[in-house]
Amino acid sequence: MTVHGGTEATVASPARIDPARSACVLIGVDDYTHLDPLRSVRHNLVELRAALADPEIWGIPEERIFTVANPTTPAGLVGPIREAADLTEDTLIVYYAGHGLLDRHDGQQLLLTLPGSLEDWPDTCVRSGDVRRAIHGTGPARRRVLILDCCFSGRVLTEMAGTDRGEQGGEMALRTLRGVEGSYVMTSAAKDRPSHAPDPKRCTVFTGALVDVLRKGLPDGPEMLGLHALFEAVRQRIADMKPVVPQEPQDEDRNGVGGLAFVRNVAVLPPLTPPPGPAAAPPRSRTGITVLALAAAAAGLAAGLALPGAVDWWHAAHPAPATGVCGGHPADAEAPRAVLLDHSDALDKKNVDYEEIKGLSALSLVSEGENGVEALALADNMPGLLFPLRLGTPFDLNPVADTARTLRHADGTEFPGWYDGEGLVIEEGGRTVLIAAETGPAIRRFDIATGRQLGEDFPIPGHLRYWPKGSAQTGRSIESLALSPDGRHLYAGWEAPLAADGDQRGRPLIRIQRYTGEPGGSYEPDEQYVYLAGDGMNLVELVALDNEGGLLALEREYTSGLGTSIRVVQVSLDGARDVSETDSLYDVPADVFAEETPVLSLAACPAGGPGAVATPGSNTANPLVDNVEGMAVGKEWSSGEYKGWRPLYLVSDDNGSGDQITRLYSLALRLKP
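For every chain, the first residue of the written sequence is number 1, and numbering continues from 1 onward in sequence order. Local features in this predicted model are restricted to residues of pLDDT 70 or higher, and side-chain atom pairs are both shown and tallied only at a pLDDT of 80 or more, whereas totals for entire chains, interfaces and linings draw on every residue. Only hydrogens and water are removed before side-chain values are computed, so all heavy atoms of the structure are retained for them.

Each helix is a run of H or I in the DSSP string that is no shorter than four residues. Each strand is a run of E no shorter than two, and both are numbered from the N terminus. Helices and strands together make up the secondary structure of the protein chain, namely nine helices and 39 strands. Exposed residues in this analysis have more than 50% of their type's maximum accessible area, buried residues have under 20%, and partly exposed residues fall in between, with area computed by a 1.4 Å probe over protein chains only. Residue burial in the protein chain is summarised as follows: out of 673 residues, 55% are buried. We call two residues contacting when some pair of their heavy atoms lies within 4.5 Å. A fraction of 63% describes how many contacts in the protein chain between residues 6 or more apart in sequence connect residues 24 or more apart. Exposure was quantified through the Shrake-Rupley algorithm and a 1.4 Å probe, taking into account, for residues, occlusion by the shown protein chains and nothing else. Of the accessible surface of the protein chain, which amounts to about 28,300 Å², a share of 51% is contributed by carbon and sulfur atoms.

Encoded structure:
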């Protein structure tokens, strides 16, 4: 028996780092108030914890590996290290991932950041020396391991080497870790280099490479891998990536800790055979105190649960946001067409001047600027209302509504009965709008300031009207309206096929009526086009992308038991044939149809972790999805991550029901040229 500070600990074989008698603290900061967020860090903690707890790899018991998420104070970061050290008899492993800063006022010391850290404010950070002292200062551990994944992390090696910068390798003593048999440090970068986290949906470069080596092993390696062997493989993987800005991991070893057997090399060892009989009871900690208890009591931070399955804790306590690539096909991850940026339920069940915000069925942008986006939303209830909205930005939606404008006849009287406004476009100059209503059906021009109609109703071709004049389905006539950028063409889309048209094996034959005229003047119907919507889908919105017949179509379907499906399709009328004289579209040849290219299915957008979507929508597969009816497209981004893409805004119609939601969505859209 060997005595450490008055506590007896059984000495395990020096040839192996024993998981059953070790402890591991994984610290990560991803949610910053003043610095850029590091969403990759959440993946680091989940993936690294899962790998270390996997019995096929190392198999540390769940109650000996602790996750510390976004500690808000220095004590919240350092305290769990000291507590874990008290549980450790073999090896204490401490891992940190987050922003790394340099203290320019104190010899360029490495600073580990907290959620509220500020550059050039060292007192808002944790000095790396404090972390080293916490690792060394308590507990009976025979060995200590520090792994840092942050910018300038190699600085810690220089700090521990003392003033003699000429010391190298084993001579570069880890001076603050004296008094133990050995110690090992691995850093993600050199002292003057950044660490990379290019994809918020994946681990950082360094930790991703580390997890990859742990999971896949080394085909040409020994049966057991040490820390230094892992390090060499990680360094090679990063070098093979050829990052534009070099990232070179560093390590330092004292008394051969880096060479001790650490994890199983899964590339050469066969899978473990589960032992027969009931599983052994998990070992109990000596102190009976978990990191969670310490963290909750000392700093209110979110620490990892010392329970089986705690690897899922990060998602429950700090859920992934409902943002990211809207996929559904493996190719989408490589060349996505749409990325969900944000969503907001801030307008749901709210009112402005005692008028409820409900039934929003159309959306049109007024302006876009650095201070945010302004828009108009059309409510389809009685009376017809136009709500001015301030949306925030596409990356941070914060919608606020102002007093609505009531739609009225030219003489100021309100429209009788149900107005059912469904389509909305703002005309050049921003003083007038064109609105389509299913009641009638009708297309009218209104003055935004007064809400009064200007001029006569636009003409509607007879066969597009309701019975007995036409064969439009009752309540499913004009649902969408779009105006070309030059104002020359107006497009009106019918929600469902005419009774005379039907569908093609479940795909509705949707008519789009084009009008030609002058901005602010009269418009006359000229040509009609048809496109095949998705199976069982209906057309609920159109946006004109150019002056040549390029459109964006919003489709919706509701199926009992499954809920709502929402699809966005890019449509080109170039090459489509005029069907205005065709009485029935049933069995027309395929070359009549407009070209259509699917862009996104809203159900294939990420819904995030638990609670990221606060109120479930009406889709059983994705709580993000509800009854989307309004759509608007912003100007193409000229710079930034989504240069050449366009912002897309969607709004759902709650139908004035407590079972549905008024929800705003923002996405980045990469359109087909």
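Pairs of cysteine sulfur atoms within 2.5 Å are what we label disulfides. One pass over the full model with this rule turns up one disulfide. For Cys326, the disulfide goes to Cys605, at an S-S distance of 1.9 Å. Its S-S torsion of about 100 degrees marks the bond between Cys326 and Cys605 as right-handed, since a negative value means left-handed. Placement of Cys326 in the loop between β15 (324–325) and α9 (330–334) and of Cys605 in the loop between β36 (595–601) and β37 (628–633) is noted, with a sequence separation of 279 residues between them.

Okay, empty space enclosed by the protein next. With a 1 Å grid laid over protein atoms only, a set of points is called a cavity when a 1.4 Å probe fits there but cannot get out and a pocket when it is open yet has protein on both sides within 12 Å along at least five of seven lines; lining residues have an atom within 4 Å of a point. Grid points are joined across faces, edges and corners, and a volume is the space filled by probe spheres set on the points. Under the defined criterion, the tally for this structure stands at two cavities of 30 Å³ or more. What the largest cavity holds in volume is close to 90 Å³. Every residue along the wall of the largest cavity is listed here: Cys24, Leu26, Leu48, Leu52, Ile93, Tyr95, Ile147, Leu210, Leu214, Leu227, Leu230 and Phe262. For the lining of the largest cavity, the secondary-structure elements that each account for two or more residues are β3 (23–28), α1 (40–53), β5 (91–97), α5 (205–216) and α6 (227–241). When residue character is reported, Ala, Val, Leu, Ile, Met, Phe, Trp, Tyr, Cys and Pro are called nonpolar, Asp, Glu, Lys and Arg charged, and the others, Gly included, polar. In terms of residue class, the lining of the largest cavity is made up of twelve nonpolar, no polar and no charged.

Turning our attention to unusual backbone geometry. Of the consecutive residues Gly440 and Pro441, the connecting peptide bond is found in the cis state with omega at -10 degrees. In this structure, Pro441 sits in the loop between β25 (432–437) and β26 (442–447). Omega for the peptide link from Trp467 to Pro468 comes to 15 degrees, which places this bond in the cis form. At Phe152, a position not held by glycine, the phi torsion is positive, near 65 degrees.

On to the layout of surface pockets. When its volume is computed, the largest pocket comes out at roughly 1,200 Å³. Looking at the largest pocket, it is lined by 34 residues, and the ones nearest its centre are Pro200, Lys201, Thr323, Glu641 and Tyr642. Looking at the lining of the largest pocket, the elements that each hand over two or more residues are α1, β15, α9 and β16 (338–344). Counting residues per element, the lining of the largest pocket draws most heavily on β16, which supplies five residues. Forming the boundary of the second largest pocket are 36 residues, of which Ser364, Leu365, Ile426, Leu483 and Val633 lie nearest the centre. If you list the elements that add at least two residues to the lining of the second largest pocket, you get β19 (360–369), β24 (421–426), β28 (478–483), β33 (538–544) and β37. No other element matches the six residues that β19 contributes to the lining of the second largest pocket.

Criterion used throughout: strands pair if DSSP finds at least two bridges between them. On the basis of which strands lie adjacent, the open sheet formed by five strands has the order β15-β16-β39-β38-β37 and antiparallel pairing. Edge strands, defined here as strands with exactly one partner in the open sheet, are β15 and β37.

Turning our attention to the sheet that holds strand β6 (residues 100–103). The three strands lie next to each other as β6-β7-β8, forming an open sheet whose pairing is antiparallel. Two strands close off the open sheet at either side, each with one partner strand: β6 and β8 (126–127). By the bridge criterion, four bridges tie β6 to strand β7 (residues 109–112) in an arrangement that is antiparallel. Residue pairing across strands places Leu102 opposite Leu110, the latter belonging to β7.

Now for the packing of α1 against α5. Contact geometry of α1 with α5 gives a least axis separation of 10 Å together with a crossing angle of 20 degrees. Compared by their axis directions, α1 and α5 come out roughly parallel. With respect to the hand of their crossing, α1 and α5 are arranged in left-handed fashion. Residues Asn44, Glu47, Leu48, Ala50, Ala51 and Leu52 of α1 lie in contact with α5, whose contacting residues are Thr207, Leu210, Val211, Leu214 and Arg215. The axes used here are C-alpha line fits, helices contributing only the stretch in contact, and every angle between their N-to-C directions lies in the interval 0 to 180 degrees. When describing relative orientation, an angle under 35 degrees is termed roughly parallel and one over 145 degrees roughly antiparallel, while 65 to 115 degrees is termed roughly perpendicular and anything else oblique. When the near helix sits turned anticlockwise from the far one by under a right angle, the crossing is termed left-handed; a clockwise turn instead gives a right-handed crossing.

Residue position: Arg514 is located in strand β31 (residues 507–517). Assessed through its relative accessible area of 16%, Arg514 is described here as buried. Excluding anything up to four places from it in sequence, Arg514 contacts His489, Leu490, Tyr491, Glu524, Pro525, Asp526, Glu527 and Tyr529.

With respect to the element layout, Thr564 can be found in strand β35 (residues 563–572). On the accessibility criterion, Thr564 (2% relative accessible area) is buried. When neighbours within four sequence positions are excluded, Thr564 is seen to be in contact with Arg556, Glu557, Tyr558, Ser618, Asn619, Val625, Asp626 and Asn627.

Here is the rule: rings of Phe, Tyr and Trp (six-membered ring for Trp) pair when centre to centre is within 6.5 Å. Planes less than 30 degrees apart are stacked, more than 60 are edge-to-face, and the remainder are tilted. Scanning the model with the defined rule gives eight aromatic pairs in all. Judged by centre distance (5.6 Å) and plane angle (35 degrees), the rings of Phe395 and Trp637 are tilted. Pair noted here: Phe395 is in the loop between β21 (385–393) and β22 (396–401) and Trp637 is in the loop between β37 and β38 (646–652), with a separation of 242 residues, a long-range link. On the basis of relative accessibility, which here comes to 46%, the residue Phe395 falls in the partly exposed class. Its relative accessible area of 17% is what places Trp637 among the buried residues. Between the aromatic rings of Phe395 and Tyr642, the centroid separation amounts to 6.3 Å while the plane-to-plane angle is 25 degrees, which identifies the pairing as stacked. Of this pair, Phe395 sits in the loop between β21 and β22 while Tyr642 sits in the loop between β37 and β38, and the two are 247 residues apart along the sequence. Aromatic rings pair up to connect Phe395, Trp637, Tyr642 and Trp645 into one cluster.

Once that is clear, we can look at the pattern of salt bridges. Pairs can form between side chains of opposite charge whenever their charged atoms are close. A side-chain nitrogen of Lys or Arg and a carboxyl oxygen of Asp or Glu constitute a salt bridge if their distance falls within 4 Å. Summed over the entire model, instances satisfying the criterion amount to 32 salt bridges. Between Asp54 and Arg215 there is a salt bridge, with the nearest N and O atoms lying 2.9 Å from each other. Of this pair, Asp54 sits in the loop between α1 and β4 (65–69) while Arg215 sits in helix α5, and the two are 161 residues apart along the sequence. With a relative accessible area of 36%, Arg215 lands in the partly exposed category. Residues Arg143 and Asp90 are paired through a salt bridge, measuring 2.8 Å at the closest nitrogen-oxygen approach. Placement of the pair is Arg143 in strand β9 (residues 143–149) and Asp90 in the loop between α2 (74–87) and β5, with a sequence separation of 53 residues.

What follows covers the environment of Leu509. Following the sequence through the fold, Leu509 ends up in strand β31. Leu509 gets classed as buried once you look at its relative accessible area, which sits at 0%. Spatially, the C-alpha atoms of Leu509 and Tyr531 are 6.0 Å apart, while their sequence positions differ by 22 residues. Not counting residues within four places of it along the chain, the set of residues in contact with Leu509 comprises Pro497, Asp501, Gly502, Asp503, Gln504, Val530, Tyr531, Leu532, Leu585, Tyr586 and Phe593.

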